[in-house]
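Structural features, examined
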Amino acid sequence: MKRIALISLLITTSLTVCSSIIVTESNCDKLIDLAENIFTYDDSADTLSFAQASSADFFRNYTQLANNTITIGGQPGSKWILIDISNSTTHYQNLYLSLVNPIIDEIVMFSSLDSSYYNTGLNYPFSQRPDNSKNYNFNIRLNPRQSGRFCIKISSQQHVSNVRIELKSAKEHLNYYYSHQTLNGIMYGLAIAAIIVLLMLIATESDNKQYFSNLALIISITLMLLWFDMTIYKFVIPDSPALNSAIGRLLMPLTMIAFAAFAVNNFKQKKPRTGKKSPFAIHAYIGLALMLLSVLSFDLGLYRLILRVYILLTAAFLVMCIAGCADKQTTQFKITSLLAIVILSAVSLSYFAPIASTHIFTDEHQIKIALFIIAILSIYKFALKFVNSRIEYYD
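All residue numbers refer to positions counted from 1 along the written sequence of the respective chain. The model is predicted, so local features are restricted to residues of pLDDT at least 70 and side-chain atom pairs to those at 80 or more, both for listing and for counting; the totals for chains, interfaces and linings are taken over all residues. Side-chain measures were taken over the full set of non-hydrogen atoms in the model, leaving aside hydrogen atoms and water.

1. Details of the pattern of salt bridges
Salt bridge, as applied in this entry: a Lys or Arg side-chain nitrogen positioned within 4 Å of an Asp or Glu carboxyl oxygen. Within the structure shown, the criterion is met by 7 salt bridges. A salt bridge links Lys-153 to Asp-46; its shortest N-O distance comes to 3.2 Å. Taken together, the residues span a long stretch of sequence, with Lys-153 in strand β11 (residues 147–155) and Asp-46 in the loop between β3 (39–43) and α2 (50–53) at a distance of 107 residues. Buried residues are those whose accessible area, probed at 1.4 Å on protein chains only, stays under 20% of the maximum for their type, while exposed residues exceed 50% and partly exposed ones sit between those limits. Accessibility expressed as a relative area gives 38% for Asp-46, which makes it partly exposed. Starting at the N terminus, helices and strands are each numbered in turn, a helix being any DSSP run of H or I of at least four residues and a strand any DSSP run of E of at least two.

2. Considerations on unusual backbone geometry
For residues besides glycine, phi is generally negative; the peptide bonds are generally trans as well. Positive phi outside glycine occurs at Asp-46, with the angle close to 55°. For Ser-115, which is not a glycine, the phi torsion comes out positive at approximately 55°. Its place among the elements puts Ser-115 in the loop between β8 (106–111) and β9 (116–120).

3. What about the nonpolar core?
Core analysis: the biggest nonpolar cluster contains 90 residues, and Ile-81, Ile-85, Leu-97, Ile-165, Ile-221 and Phe-267 have the highest contact counts within it. Among the elements that line this core, the one with the most residues is helix α4 (residues 209–228), at 10 residues. Once you skip the residues sitting within four places of it in the chain, Ile-85 turns out to touch Ser-20, Ile-21, Val-23, Leu-95, Ile-140, Leu-142, Gln-146, Ser-147, Gly-148, Phe-150 and Leu-167. Nonpolar cores were defined as sets of buried Ala, Val, Leu, Ile, Met, Phe, Trp, Tyr and Cys residues, with membership established by side-chain atoms within 4.5 Å. Within the second largest apolar cluster, 12 residues are counted, among which are Phe-39, Leu-48, Phe-50 and Phe-110. Only heavy atoms matter for contacts: two residues are in contact if any of them lie within 4.5 Å across the pair.

4. Comments concerning the pairing of β9
DSSP-based pairing: two strands are paired if at least 2 bridges between them are found. Here β8 runs beside β9; their pairing, made up of 5 bridges, is antiparallel. Note on β9: the bridge partner recorded for Ile-107 is Thr-120. Where β8 hands over to β9, the hairpin turn is made up of 4 residues, of which Ser-115 adopts a positive phi near 55°.

5. Examining the side chain of Ser-98
By the element assignment, Ser-98 lies in strand β7 (residues 93–100). Residues adjacent in sequence count toward polar contacts only when both atoms are side-chain atoms; beyond that, a polar contact is any pair of N or O atoms within 3.5 Å, and within protein one must be able to donate a hydrogen and the other to accept it. Within the local environment of Ser-98, its side chain forms a polar contact with the side chain of Asn-137, the two groups lying 2.6 Å apart. Excluding residues within four positions of it along the chain, Ser-98 makes contact with Tyr-136, Asn-137, Arg-164, Ile-165, Glu-166 and Lys-168.

6. A few points about the confidence of the model for the chain
Overall, the predicted model of the chain reaches an average pLDDT of 84, with 88% of residues at or above 70. For the stretch residues 1–18, pLDDT sits under 50, and the model shows 7 contacts to residues farther than four places along the chain or on other chains. On a scale of 0 to 100, pLDDT captures the predictor's confidence in every residue. Counting interchain partners and residues more than four positions distant, the pLDDT-below-50 stretch residues 354–361 has 13 contacts.

7. A short note on the packing of aromatic side chains
For any two aromatic rings, the description comes down to two numbers: the centre-to-centre distance and the angle of the planes. Any Phe, Tyr or Trp ring, taking Trp's six-membered ring, that has another such ring centre within 6.5 Å forms a pair; planes under 30 degrees apart are called stacked, those over 60 apart edge-to-face, and the others tilted. Enumeration according to the criterion identifies 14 aromatic pairs in this entry. Summarising the aromatic geometry, the rings of Tyr-41 and Phe-58 are spaced 5.0 Å apart at their centres and angled 85° between planes, so their arrangement reads as edge-to-face. Separated by 17 residues along the polypeptide, Tyr-41 in strand β3 and Phe-58 in the loop between α2 and β4 (63–64) bring together distant segments of the chain. The partly exposed category is assigned to Tyr-41, whose relative accessible area is 24%. The exposure class assigned to Phe-58 is buried, which follows from its relative accessible area of 15%. Geometrically, the ring pair formed by Phe-110 and Tyr-117 is tilted, given 5.0 Å between the ring centres and 45° between the ring planes. Counting every residue linked through ring pairs, the aromatic cluster contains Phe-39, Tyr-41, Phe-58, Phe-59 and Tyr-62. Both a distance and an angle decide whether a charge sits over a ring: NZ of Lys or CZ of Arg must be within 6 Å of the ring centre and within 35 degrees of the ring normal. The ring of Tyr-176 has Lys-168 sitting right over it, with the charged end atom 5.7 Å from the ring centre.

8. Points about α4
By this rule the span expected of a helix is its residue count minus one, scaled by 1.5 Å. For α4, built from 20 residues, the straight-helix expectation of 28 Å at 1.5 Å per residue is met to within 8% by its first-to-last C-alpha distance of 29 Å. Within α4, 15 of the 20 residues are buried, leaving the element largely enclosed by the surrounding structure. Backbone geometry just downstream of α4 places Met-230 in the positive-phi region, at approximately 70°.

9. A look at the packing of α4 against helix α6 (residues 241–266)
Running from N to C, α4 and α6 point in directions that differ by 155°, and their axes come no closer than 8 Å. Relative to α6, the element α4 is oriented roughly antiparallel. Seen along the crossing, α4 lies across α6 with a hand that is left-handed. Contacts from Lys-209, Gln-210, Ser-213, Asn-214, Ala-216, Leu-217, Ser-220, Ile-221, Leu-223, Met-224 and Trp-227 of α4 reach α6 at Asn-244, Ile-247, Gly-248, Leu-251, Met-252, Thr-255, Ala-258, Phe-259, Ala-261, Phe-262, Asn-265 and Asn-266. In this analysis, axes come from line fits to C-alpha atoms, helices being fitted only over the stretch in contact, and the angle between any two N-to-C directions falls in the range 0 to 180 degrees. Throughout this description, any angle smaller than 35 degrees is read as roughly parallel, any larger than 145 degrees as roughly antiparallel, any in the 65 to 115 degree range as roughly perpendicular, and the remainder as oblique. In a left-handed crossing the near helix is turned counterclockwise from the far helix by less than a right angle, and in a right-handed crossing that turn is clockwise.

10. Observations regarding the environment of Leu-312
Inspection of the secondary structure assignment puts Leu-312 in helix α8 (residues 300–323). Counting along the chain gives 36 residues from Leu-312 to Ser-348, while the straight-line C-alpha distance between them is 9.4 Å.

Below is the structure:
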C-alpha cells in the first residue's frame, strides 16, 4: 500500500514538474516559449473551484497543449488554464503573462505567489483590466529561485479562436506595445487622411454618391477597428461594459450596409431598376433589422448565425453588382472588383472561424487590411482627380 502511495506521489510530482516553465538567463529578456507547458481543462458544468483546479491531485485531468493557442466559448461552462513558472536565475524577474485577444467575456486569474484573484474581461469595466492595453496582460514578479502557479478561468458566450498565451519580459512587452501603437498611429492617420480627401471630393464634385459611400465604408471600418482595439471602451465608455458589447454587435451589420452602398456606387449598373424596391434597399432593410435585433437581449449564437447569413447575402450582392456593371473592360473595374472582394473578405473572415483562424492573421489584422485598402483606394481616386484637373487646366 505504501509502495502504491509512493508511486502515485512520484507521478503527481513528475507531472507538476513537467508543467513548469523555466525562466533562465538566456530567455528572460525574450518571448518565452510556452509550447507543451500549458495545460487546459474544459469544465462544462462550471462547478470547479480554484482550490480544486490548482491542486496537484486534479492535475491529471488537464490536457497538455502542443502550442500556445487555445479556442474558447461557443459552449456552456468554462475553460481552465494551468501554468507553472519558475525563476532559475539569481535575480528578480519582471514578466507579463498575456492572453492576446480582447474579445473574452470573463477572466479570473489566481496567483499562488500572493494567493490573489484578478477579475477582468468584457463583462467588467475597463479599469479592471490588468494594464492599459487592449489585451489581458498580467504582471508577474518572481524573486530569485522563486516559483509560482497561475490558474486562469475563462468564460465566453461567443466563440473566440486563436487566443494566444504569451509570457515575455517587461522589456519585450513594452517593445510590442510601442510597435503596436506606432502601427495604429499609421493606420488611423491614413484613415483620417482618406476621410479628409473624401470630404474634399464630396464638396467639389457634383456626382458625389460614390464618395459618400466610400466615406461611409471607411468610417464604419475605422469604428470597427477602434472597437476591437478597445479604444472606444477605454476613452468613451470605460464604465459601461454592456454598452460596449452592444456597440460591437451593431458595427458589423452597419459595415455590411456601408459595403453594399460602396458596391452599388462603384459598379455602375447597365440597367438601373425603377419603380420596385432595389436590391440595395432590401439589403439595407435586412441590415437595419439585424442592428435592431442586436441591441435586444437574445441568444448570441443565433445572432452570429443570422449575421453569417447576412454576410453571405452581402457577398452575393457584391457578385450581382460586379456581374451587372456596365464598364467591365476597364482597368479601374478590374482593380476595384479585386479590392472590393478583398475588403469584404478581410472584414468578415473572422465570423467564419475556425476556417478563418491562423497564427498570422487575427481579427485585428484582417480589419486593418480592409481599412488600408479602402483608405489607399480613396486617396488614389483623389490624386487621380487632382492630376486630371491640373492637366485640363494647363490644356
